[in-house]
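Per-entry structural report
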Amino acid sequence: VQLVESGGGLVQPGGSLRLSCAASGFTFSSYAMSWYRQAPGKERELVASIGNGGFSTNYADSVKGRATISRDNAKKTVYLQMNSLKPEDTAVYYCYAVNRKIPNHYWGQGTQVTVSS
């Protein structure tokens, strides 16, 4: 089982980026997917989540209106588009897969996002 995040990096305030998480080794379409983030010295927090069918989404208040989560079940990939980035968005972003019926869950290794001028 693998969740491999990509797309992180250094971006200026006000900029945009798209994170991707490629899944393998499990039935991707049966899992709800989420993005979490953890800033230095802070607890890991939920950024956004999407149901297994891609029809239901949920966002943290801190990113609502600036972030869009989406998924492509054929490509076994979940995305997080973030716009109008702020320095407080700086964190390691983690991909998370969960199937509460089994139950089972997986974490990715994380990708660093740094928002700085």
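See the structure printed just above.
Here we summarise the structure given alongside this text.

What counts, and at which threshold
Residues numbered from 1 in each chain as written. Predicted model: local features only at pLDDT ≥ 70, side-chain atom pairs only at ≥ 80, totals over all residues. Heavy atoms only, no water. Phe/Tyr/Trp six-rings, centres within 6.5 Å; stacked < 30°, edge-to-face > 60°. Buried < 20%, exposed > 50% of the residue type's maximum accessible area, 1.4 Å probe, protein only. Helix = DSSP H or I, 4+ residues; strand = E, 2+ residues; numbered from the N terminus. Lys NZ or Arg CZ within 6 Å of the ring centre and 35° of its normal.

This paragraph deals with the packing of aromatic side chains. As enumerated under the stated definition, the model contains eight aromatic pairs in all. Taking 4.7 Å as the distance between ring centres and 65° as the angle between the ring planes, the aromatic pair formed by Phe26 and Tyr31 counts as edge-to-face. Tyr31 shares its class with Phe26; the two are buried. Measuring from centroid to centroid gives 4.4 Å for Tyr96 and Trp107, while their planes differ by 40°, and the two rings are tilted. Of this pair, Tyr96 sits in strand 9 (residues 91–99) while Trp107 sits in strand 10 (residues 104–107), placing them 11 residues apart in sequence. Over the face of the ring belonging to Tyr94 we find Arg44, whose NZ or CZ atom lies 3.7 Å from the ring centre.

In short, shape yes, function no, at least from these values alone.
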